[in-house]
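Take a look at the letters that make up each chain.
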Amino acid sequence: MAGGAPAAAEQHAGVHRPGGPRPQESAAARRMTVTTLRGKHHRGEPISMVTAYDYSSAVHVDSAGVDVVLVGDSAAMVAHGHDNTLPVSLDIMLQHCRAVVRGAPRPLVVGDLPFGSYESSPAQAVESAVRLMKEGGVDAVKMEGGAASRVGAARAIVDAGIAVMGHVGLTPQAISVLGGFRAQGKTVNSALKVVEAALALQDAGCFAVVLECVPAPVAAAATAALQIPTIGIGAGPLCSGQVLVYHDLLGMFQSPDHSKVTPKFCKQFGDVGAVIGKALAEYRQQVEAGSFPGPDHTPYKMSPVGVAVFADALRNIGLDGAAAAAAAAADAGKTEKIVGDGKPHEGDNINNGILSSAGAAV
Ligand code: KIV
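Not measured: the values here are computed from a predicted model. (Residues numbered from 1 in each chain as written. Predicted model: local features only at pLDDT ≥ 70, side-chain atom pairs only at ≥ 80, totals over all residues. Heavy atoms only, no water.)

1. Notes on the pairing of strand E2 (residues 68–71)
Note the cut-off: Type-normalised accessible area, obtained with a 1.4 Å probe on protein chains alone, sets the label of each residue: buried when under 20%, exposed when over 50%, and partly exposed for intermediate values. Strands here mean DSSP runs of E at least two residues long; helices mean DSSP runs of H or I at least four residues long; both are numbered from the N terminus. Pairing between strands is defined by DSSP: at least two bridges between the two strands are required. We call a crossover right-handed when, viewed with the strands running away from us, the connection from the first strand over the helix to the second turns clockwise.
Burial along E2 is two-sided: the face carrying Val68 and Leu70 and the face carrying Val69 and Val71 are both buried. One ladder, built from 3 bridges, connects strand E1 (residues 47–51) with E2; its direction is parallel. If you follow Thr51 over to E2, its bridge partner there is Leu70. Read as a crossover between parallel neighbours, the route from E1 over helix H3 (residues 55–63) to E2 is right-handed. Sheet topology places E2 next to strand E3 (residues 108–112); 4 bridges connect them, and they run parallel. The residue bridging Val69 from the neighbouring strand is Val109, located in E3.

2. Let's talk about the packing of helix H9 (residues 188–203) against helix H10 (residues 216–225)
Note the following rule: To define axes, lines are fitted to C-alpha atoms, for helices over the stretch in contact only, and angles between the resulting N-to-C directions are given on a 0 to 180 degree scale. Reported orientations rely on four angle classes, namely roughly parallel under 35 degrees, roughly antiparallel over 145, roughly perpendicular from 65 to 115, and oblique for the rest. Should the near helix be turned anticlockwise from the far one by less than a right angle, the crossing is termed left-handed; should it be turned clockwise, right-handed. It only takes one pair of heavy atoms within 4.5 Å for two residues to be counted as in contact. Asp, Glu, Lys and Arg are counted as charged, while Ala, Val, Leu, Ile, Met, Phe, Trp, Tyr, Cys and Pro are counted as nonpolar; the rest, among them Gly, fall into the polar class.
For the pair H9 and H10, interaxial distance at closest approach is 9 Å and the crossing angle is 30°. On the basis of their axis angle, the class for H9 and H10 is roughly parallel. As for the relative orientation of H9 and H10, their crossing is right-handed in sense. Across from Ala191, Val194, Val195 and Leu199 in H9, the residues of H10 making contact are Val218, Ala221, Ala222 and Ala225. For the contact of H9 with H10, the per-class residue count stands at 8 nonpolar, no polar and no charged.

3. Examining the site of the ligand
Keep this limit in mind: Any residue with a heavy atom positioned within 4 Å of a molecule or strand is treated as near that molecule or strand. Here a polar contact is taken to be a pair of N or O atoms separated by no more than 3.5 Å, where protein atoms must pair a possible hydrogen donor with a possible acceptor and residues adjacent in sequence count only if both atoms sit in side chains. To measure how exposed things are, a 1.4 Å probe is used in the Shrake-Rupley method; for residues, cover is taken only from the protein chains shown.
Near the ligand, the surroundings consist of Thr51, Leu70, Gly72, Asp73, Ser74, Asp112, Lys142, His167, Glu212, Ile233 and Val245. A distance of 2.9 Å is found between an oxygen atom of the ligand and a side-chain nitrogen or oxygen belonging to Asp73. At 3.2 Å, a side-chain N or O of Asp112 approaches an oxygen atom of the ligand. If the ligand stood free it would expose 260 Å²; the protein chains cover 95% of that surface. Looking at the shell around the ligand, its residues break down into 3 nonpolar, 4 polar and 4 charged.

4. Considerations on unusual backbone geometry
Of the consecutive residues Phe292 and Pro293, the connecting peptide bond is found in the cis state with omega at -5°. Look at Cys213: it is not a glycine, yet its phi comes out positive at around 50°. Relative to the elements of secondary structure, Cys213 occurs in the loop between strand E6 (208–212) and H10. According to the relative accessible area criterion, Cys213 is buried, its value standing at 12%.

5. Things to note about the pattern of salt bridges
Let me state the cut-off plainly: Each reported salt bridge corresponds to a side-chain nitrogen of Lys or Arg within 4 Å of a carboxyl oxygen of Asp or Glu.
Inspection of the entire model under this criterion finds 9 salt bridges. Ionic pairing is found between Asp67 and Lys40, a salt bridge with its closest N-O pair at 2.8 Å. With Asp67 in the loop between H3 and E2 and Lys40 in helix H2 (residues 34–42), this pair connects stretches of sequence that are 27 residues apart. Note on accessibility: Asp67 and Lys40 belong to one class, buried. Measuring nitrogen to oxygen at the nearest pair gives 2.8 Å for the salt bridge that ties Glu135 to Arg131. Because the salt bridges share partners, they merge into one network encompassing Asp91, Arg131 and Glu135.

6. Describing the environment of Tyr53
Within the element layout of this structure, Tyr53 appears in the loop between E1 and H3. Owing to a relative accessible area of 3%, Tyr53 belongs among the buried residues under this scheme. Residues Tyr53 and Val100, spaced 47 residues apart in sequence, show a C-alpha to C-alpha distance of 6.0 Å. Apart from the residues lying within four places of it in its own chain, the contact partners of Tyr53 are Gly72, Ser74, Ala75, Val78, His96, Val100, Val245, Tyr246 and His247. A distance of 2.7 Å separates a polar atom in the side chain of Tyr53 from a polar atom in the side chain of Ser74.

7. Focus on the sheet that holds E3
Spatially, E1-E2-E3-E4-E5-E6-E7-E8 is the arrangement adopted by the 8 strands of the closed barrel, whose pairing is parallel. Taking each pair of neighbouring strands and ignoring which way they run, the sheet shows an average axis angle of 25°. Two strands pair when backbone bridges link them, and E6 and strand E7 (residues 230–233) are joined in this way by 4 bridges, in the parallel orientation. Bridge pairing in E7 links Val210 to Ile231.

8. Considerations on the nonpolar core
So the rule is basically this: Among buried residues, those of type Ala, Val, Leu, Ile, Met, Phe, Trp, Tyr and Cys that are joined through side-chain atoms within 4.5 Å constitute a nonpolar core.
Counting 77 residues, the largest nonpolar core has Ile157, Phe207 and Leu211 as the members making the most contacts within it. Setting aside residues up to four positions removed in sequence, Ile157 forms contacts with Leu113, Ala125, Val126, Ala129, Val141, Met143, Ile162 and Val164.

9. Looking at helix H5 (residues 90–103)
Basically, it comes down to this: The span you would expect from a helix comes to 1.5 Å times its residue count less one.
Between the first and last C-alpha of H5 there are 20 Å, a value that for 14 residues agrees with the 20 Å anticipated at 1.5 Å per step. Of the residues making up H5, those classed as buried are Leu90, Met93, Leu94, His96, Cys97, Ala99, Val100, Val101 and Gly103.

10. Points about the packing of aromatic side chains
One pair of aromatic rings is described through two measures. These are the centre distance and the angle between the planes. Spelled out, the test is: Only the six-membered ring of Trp is used, alongside the rings of Phe and Tyr, when aromatic pairs are assigned; centres must lie within 6.5 Å, and planes under 30 degrees apart are stacked while those over 60 apart are edge-to-face, with the rest tilted.
Evaluation of the coordinates by the stated rule reveals 1 aromatic pair. Taking 6.0 Å as the distance between ring centres and 65° as the angle between the ring planes, the aromatic pair formed by Tyr283 and Phe292 counts as edge-to-face. For Tyr283, a relative accessible area of 48% translates into the label partly exposed.

Given below as structure tokens:
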């Protein structure tokens, strides 16, 4: 990570993704748009979508060739540790969106409208969606719910020129009225409501609809009834595409407490939490044992002459202990490779008698 991240960050810089190919973009890795997504759907190709919340998760999702990245309000839970999605604000979502956009130049990036940012009126919904686009740099927004007021808000956002993804079935922002994270569409009435809501969102101009936690026949019916793609999560295989939460699919949280709340429908495609835990424990043990950093990870050298000048300079200012420490460190590293002839040269940087090699690679 140490050397790679800043270099990668420079390549990905620019929240608004200025037009034209990026250095690492090839013709084969063109950006997904609502139009390319529609093309995939028309060809019957399944659509993949994953959430991401920061630069590194976005880079991973982009590199894996996933079609759509959702900056989900599930950030409230997996990135901020809340019990539900309600606390996350639009300002916090904007921070997540900007980081994801920098890391994911290829997929379509969809920003979730958080609870409280669009329910009051279509005008509020448009204002929040405009902020996600302008300040967050996303390509489209997602909003939950299929009630008439939500459909009106979706229509207003589309009319403002912003692509909207709908979300019906279990809508986690509605846990207060749903009485918790509960599957929807299990009765005939509720199943019909899910399909009708999805149809209403399509009529409002949505380009896709998420179906969350509904029985497979309900998802299949909605997918057959709609012209636009359905993206399922806990909705079975008969959707146009699938979405999972990044942390869930990677098996990021492995503690018994966290495992208890991992949704039943989630398949863990990795054991990343265990890998991270092992690496961190090893790091801690090596720091405590003094075996990290060893010579291989102590790259910055000073020539023997430089160390002698440095030690003299330290003694001259009364820092005898520091001079002895510098000399002892140099002795300990004597077997390390010295670049050049080890003598000071013009161009070497000497500040107050302290010498460092000019131009050394950091
Ligand atoms: O916020 C989120 O992660 C979502 C997905 C579960 C669809 O809305």
